[in-house]
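Structural description and commentary
One letter stands for each residue in the lines below.
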Amino acid sequence: MKNDNKKGFYFKQYEAPFQSPFDKLFGIFKELITHTSGDFDEAIDWLRELDKEYKLTDEQYTIDDFIEGLKKKGYIRDELKEDGTSGIGITAKTERAIRQQALDNIFGNLKRSGSGNHKTKHSGNGDEHTGEFREFHFGDGLERISLTESLRNAQINNGVADFMLTENDLVVEETQFKSQMSTVLMIDISHSMILYGEDRITPAKKVAMALAELITTRYPKDTLDILVFGNDAWTIAIRDLPYLKVGPYHTNTVAGLQLAMDILRRKRNTNKQIFMITDGKPSCVREKDGSYYMNSNGLDEYIVDKCYNQAQQARKLHIPITTFMIANDPYLQKFVNKFTESNQGKAFYTGLKGLGEMIFEDYETNRKKKIK
């Protein structure tokens, strides 16, 4: 008798999951609109060029069909440009889709690398189960008692015939406490962020958008404020992130740190932190009379000393600063090392690749603490 029940592995050629023509182009469009800082016309020009080279569309579905699809789905709208002429702009729905894609891209990399949600070494009264058990202590909440383990203990200690459950049989499951966190993300928008043929501002924007999406969806009790710093420092709204551009600015790190600390002083959360993404040395400070002292030649002792003072001030306020340095100049690393030592914070020397993963891992780690 012939046996058709074959066991083993069956290999076949990989077939990509089905995507509609719109969805395929929309993923590319979201990347392009981020690179063009929200300029729809420029993004579509780039999309047409990519279409010519890679044959993204055909006669049945063209770029014009895609644009019409964006309108019907509410991703773009007609608007007046700054010069008074009519044009097309992206909507809040697109801004949210861009943030979600940035989050998916970064968390996708975290999952593939097997990292991301680091577990704390400590446990306490929290909201995340660890799978570990201990004896019941007076004051433990009833909701933390593990009924299954407690009944098992009662059977072992008292037997089935004379079954009874006593306080000595009770066990509780340990949990991790995830504290509420107030974070300020500082982004350097000085001119060097696009110098030397390398676009450094777009990865920084993507990280900011992904972090904003993470906090608003996964940790709604946390707070995130975003500020940019060039000659001065100012806050920006999450919805403005896709449109962020660099300017003809020096790097006033002091102004950024001062504003970050002012923001965090007003937060009620006990846990506060500053993330700073920068690629260049501090080269500017604003004097008390409103004038600017600038020096782009090397590390100016007057400017860097003011940076060290701000780092020490943040330390006194129990605000750690984590610096993500996306440049590898040895003399700049020396400055960052001393800056980090002044604050007793952390510094990561990273290129553009992996910047998002580093920030997300550090964010997850910092917001877990032991409750004693």
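As a reminder, the structure under discussion sits directly above these lines.
Residues numbered from 1 in each chain as written. Predicted model: local features only at pLDDT ≥ 70, side-chain atom pairs only at ≥ 80, totals over all residues. Heavy atoms only, no water.

Taken together, six strands build an open sheet; the order of strands is 7-6-5-8-11-12 and the sheet is mixed. At either margin of the open sheet sits one strand with a lone partner, and together these are strand 7 (233–236) and strand 12 (346–349). Shown here is a sheet whose adjacent strand axes are inclined to one another by a mean of 20 degrees, direction ignored. Sheet strands in contact with helix 6 (residues 201–218) are strand 5 (181–188), strand 6 (223–229) and strand 8 (271–278), and its direction is about 165 degrees off that of strand 5. (Pairing = 2+ DSSP bridges. Helix = DSSP H or I, 4+ residues; strand = E, 2+ residues; numbered from the N terminus. Axes fitted to C-alpha atoms, helices over the stretch in contact; angles between N-to-C directions. Contact = heavy atoms within 4.5 Å.)

What follows is about the environment of Tyr292. Of note, Tyr292 is situated in strand 10 (residues 292–294). Taking the relative accessible area as the measure of exposure, Tyr292 reaches 33% and is therefore partly exposed. Through-space distance from the C-alpha of Tyr292 to that of Asn231 is 8.2 Å; in sequence the pair is 61 residues apart. Setting aside residues no more than four positions away along its own chain, Tyr292 makes contact with Asn231, Asp232, Cys284, Val285 and Arg286. (Buried < 20%, exposed > 50% of the residue type's maximum accessible area, 1.4 Å probe, protein only.)

Between helix 2 (residues 40–54) and helix 3 (residues 63–72), the least distance of the axes is 11 Å, while the angle of their chain directions is 145 degrees. Two packed elements cross with a definite hand, and for helix 2 against helix 3 that hand is right-handed. Two secondary-structure elements touch here, helix 2 through Phe40, Ile44, Leu47, Arg48 and Asp51 and helix 3 through Ile63, Asp64, Phe66, Ile67 and Leu70. Looking at side-chain class alone, the contact of helix 2 with helix 3 contains seven nonpolar, no polar and three charged residues. (Left-handed = near helix turned anticlockwise from the far one by under 90°. Nonpolar A, V, L, I, M, F, W, Y, C, P; charged D, E, K, R; others polar.)

This paragraph deals with the packing of aromatic side chains. Counted by the stated rule, this structure contains 14 aromatic pairs. Look at Trp234 and Tyr249: their rings are 6.1 Å apart centre to centre, the planes differ by 80 degrees, and that puts the pair in the edge-to-face class. Highlighted residues: Trp234 in strand 7 and Tyr249 in the loop between strand 7 and helix 7 (253–265), separated in sequence by 15 residues. The partly exposed category is assigned to Tyr249, whose relative accessible area is 29%. Seen from the ring of Phe22, Lys73 lies directly overhead, with NZ or CZ sitting 4.9 Å from the centre. We note Lys93 situated over the ring of Tyr75; from NZ or CZ to the ring centre the distance is 4.7 Å. (Phe/Tyr/Trp six-rings, centres within 6.5 Å; stacked < 30°, edge-to-face > 60°. Lys NZ or Arg CZ within 6 Å of the ring centre and 35° of its normal.)

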